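# Structural overview
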Amino acid sequence: MAGAALKRLMAEYKQLTINPPEGIIAGPLNEDNFFEWEAMITGPEGTCFEGGVFEAQLVFPPDYPLNPPKMKFKSEMFHPNIYADGRVCISILHAPGDDPMGYESSAERWSPVQSVEKILLSVVSMLAEPNDESGANVDASKMWRDERDKFDKIAKGIVRKSLGISASAT
């Protein structure tokens, strides 16, 4: 199975280098291991994350694409759908099939027709429009709903950090 996964990952990497989505760069950490990727994601325009450049890691299972990769931001993030340790919580990364909690339909979850590009584009959309009903970070979800100005200020500080700019600088 790992042979098929490697072939698929190599093809997806080639496609991403030929036609990269705007604001996203992604590929294997090194060409000896196509099962660990890094990605750089630019914060979406018109959002509190605009202008930030966020580093993330994707780790693919040996049976990819039958099962989704795990994704984790290495850059500091404060977002309703990102756990405090950086793990991304988004439907497209949830194992295929029915949701045991009954929250997501199987169509929203991972399927082998998905791709690295679709994952990364979904994460960019998630940055722009969090799902505060399904919060991985309860504090961020609550602040997103109830204290948007405070949330935006924290996010803008994270953007500055992602660019290596002191959070206290103006």
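Summarised in this report is the structure supplied together with it. All residue numbers here refer to positions counted from 1 along the written sequence of the relevant chain. Totals for whole chains, interfaces and linings use all residues, but because this is a predicted model, local features are given only for residues with pLDDT of at least 70 and pairs of side-chain atoms are given and counted only at 80 or more. Heavy atoms from the whole structure form the basis of all side-chain values; hydrogens and water molecules are not counted.

Take the pattern of salt bridges next. Here the idea is simple: oppositely charged side chains can pair when their charged atoms come close. The rule for a salt bridge is simple: a side-chain nitrogen of Lys or Arg has to be within 4 Å of a carboxyl oxygen of Asp or Glu. This model, assessed by the stated rule, comprises five salt bridges. Here Lys142 and Asp146 are joined by a salt bridge, their closest N and O atoms 3.1 Å apart. Placement of the pair is Lys142 and Asp146 together in helix H3 (residues 138-146), with a separation of four residues, close to one helical turn. Think of it this way: any DSSP run of H or I at least four residues long counts as a helix, any run of E at least two long counts as a strand, and we number them from the N terminus.

The subject of this paragraph is the nonpolar core. Here, the term nonpolar core denotes a set of buried Ala, Val, Leu, Ile, Met, Phe, Trp, Tyr and Cys residues that are joined through side-chain atoms within 4.5 Å. To sort residues, take the accessible area from a 1.4 Å probe on protein chains only and compare it with the maximum for the residue type: under 20% means buried, over 50% means exposed, and anything in between is partly exposed. Judged by nonpolar contacts, the single largest core of 41 residues is most densely connected at Trp37, Phe49, Met71, Phe73, Leu120 and Phe151. If one sorts the elements of this core by residue count, helix H2 (residues 116-128) sits on top with seven residues.

To continue, consider the packing of aromatic side chains. Side-chain rings of Phe, Tyr and Trp, where Trp is taken by its six-membered ring, are said to pair if the distance between their centres is within 6.5 Å; with planes under 30 degrees apart they count as stacked, over 60 as edge-to-face, and otherwise as tilted. Summed over all chains, the structure comprises nine aromatic pairs. Between Phe49 and Phe54, the ring centres sit 6.1 Å apart and the planes meet at 80°, which makes this aromatic pair edge-to-face. Given the relative accessible area of 0%, Phe54 is considered buried. An aromatic cluster is present here, built from Tyr13, Phe34, Trp37, Phe60, Tyr64 and Trp110 joined pairwise through their rings. In this structure, Arg87 is placed above the aromatic ring of Tyr83, and the distance from its NZ or CZ to the ring centre is 4.2 Å. Charge-over-ring placement is defined geometrically: NZ (Lys) or CZ (Arg) within 6 Å of the ring centre, and within 35 degrees of the ring normal. Over the ring of Trp144 we find Arg148, and its NZ or CZ is 3.5 Å from the ring centre.

The terminal C-alpha atoms of helix H1 (residues 2-18) lie 24 Å apart, and with 17 residues this matches the ideal 24 Å at 1.5 Å per residue to within 8%. Those residues of H1 lying buried are Ala5, Leu9, Glu12 and Leu16. Seen from one end, H1 has its buried residues packed into an arc of 65°, which puts them on one side. Those residues of H1 that are exposed and aimed more than 90 degrees away from the buried face are Gly3, Lys7, Lys14 and Ile18. Here the expected span of a helix is defined as 1.5 Å times the quantity of residues minus one. The arc in question is traced by the directions running from the helix axis to the C-beta atoms.

As a further point, take the environment of Tyr83. Mapped onto the elements of the fold, Tyr83 is located in the loop between strand S4 (70-73) and H2. For Tyr83, a relative accessible area of 29% gives the class partly exposed. Apart from residues no more than four positions distant in its own chain, Tyr83 is found in contact with Cys89 and Ala136. Contacts are assigned to residue pairs with any non-hydrogen atoms lying within 4.5 Å of each other.

Here the focus is the environment of Leu9. Relative to the helices and strands, Leu9 resides in helix H1. Through-space distance from the C-alpha of Leu9 to that of Ala84 is 28 Å; in sequence the pair is 75 residues apart. When residues no more than four places from it in sequence are discounted, the contact partners of Leu9 are Phe34, Phe35, Trp37, Phe60 and Tyr64.

A word on the sheet that holds S4. In this analysis, strands are considered paired if DSSP registers two or more bridges between them. Taken together, the four strands give an open sheet; going across it, the order is S1-S2-S3-S4, and neighbouring strands pair in antiparallel fashion. What marks the edges here is a single partner per strand, and that holds for strand S1 (24-30) and S4. On average, adjacent strands in this sheet sit at an angle of 25° to one another, irrespective of strand direction. Looking at chain direction, strand S2 (residues 33-42) and strand S3 (residues 53-59) are connected through seven bridges and run antiparallel. Note that in S3 the partner of Met40 across the bridge is Glu55. Axis definition: a line fitted to C-alpha atoms, limited for helices to the stretch in contact. Angles are taken between N-to-C directions and run from 0 to 180 degrees.

The next thing to look at is unusual backbone geometry. For the bond running from Tyr64 to Pro65, omega is 5°, close enough to zero to count as cis. By the element assignment, Pro65 lies in the loop between S3 and S4.

So, on to the side chain of Asn137. Residue placement: Asn137 occurs in the loop between H2 and H3. In this structure Asn137 comes out as buried when scored by relative accessible area, which is 12%. Here a polar contact means two N or O atoms within 3.5 Å. Within protein one must be a hydrogen donor candidate and the other an acceptor candidate, and residues neighboring in sequence count only if both atoms are side-chain atoms. One polar contact links the side chain of Asn137 to the main-chain amide nitrogen of Asp139, over a distance of 3.2 Å. Residues within four places of Asn137 in sequence aside, it is in contact with Phe78, His79, Pro80 and Ile82.

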